[in-house]
Amino acid sequence: MASTEASAACGKITIADMNWNSASLIANVDKFILTHGYGCEAELVPGDTMPTGTSMMEKGEPDIAPELWSNSMKEALDKAVAEKTLRIAGKSLSDGGEEGFWVPEYMVKKDPSLATIEGVLKNAKMFKHPEDPDKAAFVGCPAGWNCQISSGNLFRAMKMADAGFELIDPGSSAGLSGSIAKAYERGEGWFGYYWAPTAVLGKYKMVKVDFGSGVDFEHFTNCTTQNDCADPKPTMYPPSPVHTVTTEAFADKAPEAYAYLTRRSFKNAQMNSLLAWMEDNQAEGDIVMEEFLKNYEDTWTPWVSAEVAAKVKKALSEL
């Protein structure tokens, strides 16, 4: 009887299926677990950070945003939480979104100093410029991306031009990931900006370069990320908070389902490998969801009760 009451309380819910792979995977996992484990009538609706967040605040729907990069709308989100229209259930990515400058792991295995900016600058010649043999290449962000500003300011802050580096615009996301793939296939030097979770970092083992600076959050916010930053200083990228956000109405009517969302969280390394699998198999979110639930039981079963896990496994066996 109790579980029927729980499912009646959950009722119809909508989950934002954001238009990037990690978010689509999480949305599909949530739909399957909430439907089969908690008796919700869950439906996926298309989403993206700003429109989804705004719609949840103004219209109370969708009920769940499984992967919201909350920095981009922090003030509005904090206000909605304070006004009790939205609730932050927890972190979708326990490490947060990760940004940094990276080098291939095979280079660091040969020379561990390359895991530091000091080592990279001393060995600039190892990072050959594709068009100018006298220069070294630092692959930055494509024009128009926010990270183009931060990577450009950090290039100046660490006086990389003095060491012989030139900042290269890869032209596009495909150009950036393609340059890593090409270096890896040839065992060549590569140094540049990238972020996680991504299929690229699942496929190619890269090491994040330590600037020896720690994170200066205030300077990062007020200078590193600003176009008019006159005197940029070295700072590591702070992790980007990535949250699961629900409406207060959903959290109230379906406390058990909400409690699952507070426990459901992925580590970047695991998400990187799932995204690489997704890309290799050209799989949509629902296919990689099945792969995850069938092969990563140790990860997801602690998110739910034994009773819910049994229901989810039964539904999986019927797919």
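I will try to describe carefully the structure that is included in this document.

The rules behind these values
Position labels on residues start from 1 in each chain and follow its written sequence. Restriction of local features to residues with pLDDT of at least 70 applies here, the model being predicted, together with a cutoff of 80 or more for giving and counting side-chain atom pairs; totals for whole chains, interfaces and linings are based on all residues. To obtain the side-chain values, all non-hydrogen atoms of the structure were used and water was disregarded. Defined by distance alone, a disulfide is two cysteine sulfur atoms within 2.5 Å. Throughout, the protein atoms alone are placed on a 1 Å grid, and a set of points is a cavity if a 1.4 Å probe fits but cannot get out or a pocket if it is open with protein on both sides within 12 Å along at least five of seven lines; lining residues have an atom within 4 Å of a point. Grid points are joined across faces, edges and corners, and a volume is the space filled by probe spheres set on the points. Helix and strand assignments come from DSSP, with helices taken as H or I runs of at least 4 residues and strands as E runs of at least 2, each series counted from the N terminus. Amino acid classes used here: Ala, Val, Leu, Ile, Met, Phe, Trp, Tyr, Cys and Pro are nonpolar; Asp, Glu, Lys and Arg are charged; the rest, including Gly, are polar. Each residue's exposure class comes from its accessible area (1.4 Å probe, protein chains only) as a fraction of the maximum for that residue type: buried when under 20%, exposed when over 50%, partly exposed otherwise. Note on contacts: a residue pair is in contact if any heavy atoms of the two residues lie within 4.5 Å. Buried residues of nine kinds, namely Ala, Val, Leu, Ile, Met, Phe, Trp, Tyr and Cys, make up a nonpolar core once their side-chain atoms join them within 4.5 Å. Of all possible arcs, the one meant is that of the directions from the helix axis to the C-beta atoms. In the sections that follow, a salt bridge refers to a side-chain nitrogen of Lys or Arg positioned within 4 Å of a carboxyl oxygen of Asp or Glu.

A word on the state of the cysteines
For the structure shown, the criterion picks out three disulfides. Sequence-ordered numbering of the bonded cysteines in the protein gives a disulfide pattern of 1-2, 3-4, 5-6.

A short note on the layout of surface pockets
Approximately 1400 Å³ is the volume found for the largest pocket. Surrounding the largest pocket, 35 residues form its lining, Trp-69, Glu-99, Asn-146, Tyr-193 and Ser-240 being those nearest its centre. Of all the elements in the fold, those that place two or more residues in the lining of the largest pocket are helix 2 (21-38), strand 3 (64-69), helix 7 (146-157), helix 8 (173-186), strand 8 (192-196), helix 9 (199-203), helix 10 (217-224) and helix 13 (268-280). For the lining of the largest pocket, the residue count by class is 17 nonpolar, 14 polar and four charged. When its volume is computed, the second largest pocket comes out at roughly 430 Å³. If you trace the second largest pocket, you find 18 residues lining it, with Lys-128, Pro-130, Lys-182, Glu-188 and Trp-190 closest to the centre. Of all the elements in the fold, those that place two or more residues in the lining of the second largest pocket are strand 6 (136-139) and helix 8.

Let's talk about the environment of Glu-166
As for its placement among the helices and strands, Glu-166 is situated in strand 7 (residues 165-168). Look at Glu-166 and you get partly exposed, because its relative accessible area is 32%. Separated by 85 residues in the primary sequence, Glu-166 and Val-81 have C-alpha atoms spaced 44 Å apart. With sequence-adjacent residues up to four places away left out, Glu-166 is seen in contact with His-129, Lys-135, Ala-136, Ala-137, Phe-138 and Phe-155.

Brief notes about the nonpolar core
Counting 43 residues, the largest nonpolar core has Leu-293 and Trp-300 as the members making the most contacts within it. Mapped by element, the contributors of at least two residues to this core are strand 1 (12-18), helix 2, helix 11 (248-253), helix 12 (255-263), helix 13, helix 14 (285-295) and helix 16 (306-317). Sort the elements by how many residues they give to this core and helix 2 lands first, with eight residues. If we skip the residues at most four places from it in the chain, Leu-293 touches Val-29, Phe-32, Ile-33, Trp-300, Val-312 and Leu-316.

Focus: helix 12
Burial in helix 12 covers these residues: Ala-257, Tyr-258, Tyr-260 and Leu-261. Buried positions in helix 12, seen along its axis, are confined to an arc of 150 degrees and lie on one side of it.

Quick word on the pattern of salt bridges
Within the structure shown, the criterion is met by 16 salt bridges. Measuring nitrogen to oxygen at the nearest pair gives 3.5 Å for the salt bridge that ties Lys-109 to Glu-105. Here the residue Lys-109 and the residue Glu-105 both occupy positions in helix 5 (residues 105-110), the gap between them amounting to four residues, near one helical turn. Take Lys-109: its relative accessible area is 65%, and that puts it in the exposed class. Between Glu-307 and Lys-311 there is a salt bridge, with its nearest N and O atoms 3.8 Å apart. Within this pair, Glu-307 and its partner Lys-311 are both found in helix 16, separated by four residues, close to a single helical turn. For Lys-311, a relative accessible area of 31% puts it in the partly exposed group. What you see here is one network of salt bridges that share partners, running through Arg-87, Glu-248 and Asp-252.

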